[in-house]
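Residues per chain, in single letters:
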Amino acid sequence: MSDTDLSGRTDRMRTQIFFASTLYGAATLAAAIDAGKFTSGAPDGTPRTGRRLLLVSNNAANPETTPALDTMPGFERLRTRFDRVLSWNDAIAPFHPGGWSPRADDVPVLERYLRLLWGLGDDEVELVVESIQVEPALAVARLFPDAPLEVYADGLMSYGPTRNKLDPLVGSRVGRLLHLDLLPGLEPLLLTEFGVRSEVVPTGAFTSVLAELAQDVPPSVTSLPKGGALLLGQYMSALEILTHEEEEQLHVRMLRGAARLGHSSVVFKPHPVAPARFSRALEKEAGELGVELRVLNTPVLAEVLYEQMRPELVVGCFSTALLTAASFYGLRVARTGTGLLLERLTPYQNSNRVPVTLVDALLPDVDGETSGEGADPDAGPGAWRIPEAAETQRRLTGLLRAVGFCMQPEILPEMRGEAERYLSANLDSRTLRYFKRRRLTALVLPGGWTRQFAFLRRRPTVRRAARRVRALKRAALG
């Protein structure tokens with residue numbers, strides 16, 4: 001007998017599979033569920049029965065030695081939103097989540113395998129995934145080829161373009177993009193090539209979930225001093241963006257900047273897999289500066305520390321946590337190292353470029369070298385005020401869309417006119433840091449090398465001189 005009667009009503013069970021690889025992402029999903037973003041009825045308007053499964057993936061380089069998100073403090077508070085928690089790592093073992101993708105011919109049998117493994121039967125499956133353009137989320141989407149897709153974005157990368165050209169058989173299935181309102185008034189570029197509408201996860205729902213997580217923190221967190229400065233490490237040397245030595249110096253600059261702003265009590269939250277040498281370099285510097293330094297190695301979200309510590313200042317490089325601190329908690333924030341990263345990120349379409357650009361354009365430098373668009377001269381050094389939605393949109397939309405087009409001109413060809421207008425009107429010594437002359441030239445955009453001077457770039461003497469200038473600039477920044 002058919003699963004669907006003549007009225008169009010279906011009796012099949014609906015199963016929603018929520019995919020997450022970070023506690024921040026799981027908290028975003030929990031907030032969206034609490035806000036009613038995943039309640040829907042059958043085509044005839046009647047309520048539909050179903051269940052929610054959380055599929056957890058540990059994408060660390062060595063997942064065997066790195067705790068998965070469902071073992072982190074506070075996760076039990078999130079578990080209540082789901083009927084079951086599944087492991088993607090267990091399902092595809094011994095393969096690594098970041099490096100495995102199903103072959104097209106194997107998809108039918110692998111879908112049957114997963115349905116049997118997870119007890120899905122012939123349920124109607126709906127997928128809610130992160131980072132749809134790369135593994136492992138892309139692999140999950142491909143293994144359920146008939147399942148409708150929704151994508152949630154848990155950070156600043158959602159404001160950038162889709163990093164890879166997505167298979168239309170996947171992209172055309174995406175119904176909406178859920179994202180946090182980190183920059184009010186700014187619209188994400190992610191998946192716009194498929195006409196995907198974006199929808200905000202309410203800030204109040206998200207901060208309520210974070211407050212829940214903060215109730216289960218270990219003593220190492222509750223014993224931290226209130227106020228003071230919080231430094232956020234990101235471990236960019238693992239991505240080969242910086243060397244270990246350069247990243248050490250970046251953290252030292254954070255500490256010096258916090259001390260310069262009058263903070264004698266500092267907490268450093270390193271990346272969970274960063275080497276211990278980063279902490280030792282900071283401890284040595286703190287001793288010389290007379291600063292009391294606490295290093296927190298407990299795997300908790302930075303936002304949980306905001307709940308617990310209420311720091312007077314948060315310093316980082318381009319972490320999304322800087323924007324949650326400012327936009328959601330009203331904390332003072334500052335950045336460092338973004339200028340160096342804008343030079344180092346390669347290729348130009350590196351997906352970190354948009355987060356670095358947004359943080360650099362908005363936040364003040366903790367060293368006091370540049371103020372950022374959102375710097376508040378009346379609030380003292382290192383302070384940032386949250387711009388109004390219209391102001392954020394006016395300041396950043398043009399820059400974001402011009403950078404986005406330069407990153408992915410084949411994915412977003414319709415944005416060429418906007419990029420040309422922005423560059424013609426706004427390209428100067430300040431905004432040029434967000435673009436590359438070579439990229440502008442290749443795309444025949446304003447600001448590129450003009451035809452009459454293009455020959456200079458091929459002269460060995462000119463190229464050697466340019467390399468020498470860049471090396472001197474890097475040395476000065478370090």
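Source: prediction; values computed, not measured. (Residues numbered from 1 in each chain as written. Predicted model: local features only at pLDDT ≥ 70, side-chain atom pairs only at ≥ 80, totals over all residues. Heavy atoms only, no water.)

J.: Just give me the short version of the overall build of the protein chain, but keep the residues and values in it.
T.: Scanning the protein chain for helices and strands turns up 18 helices and twelve strands. Out of the 478 residues belonging to the protein chain, those deemed buried represent 51%. Put simply, 71% of the contacts in the protein chain that link residues at least 6 apart link residues at least 24 apart. (Helix = DSSP H or I, 4+ residues; strand = E, 2+ residues; numbered from the N terminus. Buried < 20%, exposed > 50% of the residue type's maximum accessible area, 1.4 Å probe, protein only. Contact = heavy atoms within 4.5 Å.)

J.: Explain the packing of helix H7 (residues 203-213) against helix H11 (residues 302-309) to me, using residue names and the numbers behind them.
T.: Here H7 crosses H11 at 75°, and the two axes come no closer than 9 Å. Taken together, H7 and H11 sit at an angle that is classed as roughly perpendicular. In this structure, H7 uses Thr207, Leu210, Ala211 and Leu213 to contact H11, whose residues at the interface are Glu303, Val304 and Glu307. Of the residues that constitute the contact of H7 with H11, the class distribution is four nonpolar, one polar and two charged. (Axes fitted to C-alpha atoms, helices over the stretch in contact; angles between N-to-C directions. Parallel < 35°, antiparallel > 145°, perpendicular 65-115°, else oblique. Nonpolar A, V, L, I, M, F, W, Y, C, P; charged D, E, K, R; others polar.)

J.: Lay out the confidence of the model for the protein chain in plain terms, naming residues and giving numbers.
T.: Overall, the prediction assigns the protein chain a mean pLDDT of 88, with 86% of residues at 70 or greater. Within the model, the stretch residues 42-46 combines pLDDT values under 50 with four contacts to residues more than four positions away or in other chains. Here residues 377-382 is a poorly scored stretch, pLDDT under 50, and it has eight contacts once near neighbours within four places are set aside; other chains count. (pLDDT = per-residue confidence, 0-100.)

J.: Hey, could you go over the nonpolar core for me, with residue numbers and the actual values?
T.: Core analysis: the biggest nonpolar cluster contains 97 residues, and Tyr159, Leu183, Tyr306 and Phe435 have the highest contact counts within it. Here the element with the most residues in this core is helix H1 (residues 23-34); it accounts for nine residues. With near-sequence residues (within four places) excluded, Phe435 lies in contact with Tyr348, Leu399, Ala402, Val403, Cys406, Tyr422, Leu423, Leu427 and Leu440. Grouped together as the second largest cluster of nonpolar side chains are 35 residues, Ile17, Leu120, Leu166 and Leu177 included. (Core = buried A, V, L, I, M, F, W, Y, C linked by side-chain atoms within 4.5 Å.)

J.: Summarise the pattern of salt bridges; cite the residues concerned and give the values.
T.: Should the charged atoms of two oppositely charged side chains come close, the side chains can pair. Taken as a whole and judged by the stated rule, the model has 22 salt bridges. Arg81 serves as the salt-bridge partner of Glu212, at 2.7 Å between the closest nitrogen and oxygen. With a gap of 131 residues between them, Glu212 in helix H7 and Arg81 in the loop between helix H2 (75-79) and strand E3 (84-87) connect regions that are remote in the sequence. In the salt-bridge network here, residues are joined through shared partners; they are Lys37, Glu150, Arg176, Arg197 and Glu199. (Salt bridge = Lys/Arg side-chain N within 4 Å of Asp/Glu carboxyl O.)

J.: Describe helix H10 (residues 277-289), naming the residues involved and giving the relevant values.
T.: An ideal rise of 1.5 Å per residue puts 18 Å on 13 residues; H10 measures up with 19 Å between its terminal C-alpha atoms. Taken together, the buried positions of H10 are Phe278, Ser279, Leu282, Glu285 and Ala286. Buried residues of H10 fall within an arc of 125° about the axis and therefore sit on the same side. In H10, those exposed residues whose orientation departs by more than 90 degrees from the buried face are Arg280, Lys284, Gly287 and Glu288. Looking at the buried positions of H10, the neighbouring elements they touch are helix H9 (244-260), strand E9 (265-269) and strand E10 (292-295). Residue Gly290 follows H10 closely and has a positive phi angle near 75°. (Expected span 1.5 Å × (residues − 1). Arc of directions from axis to C-beta.)

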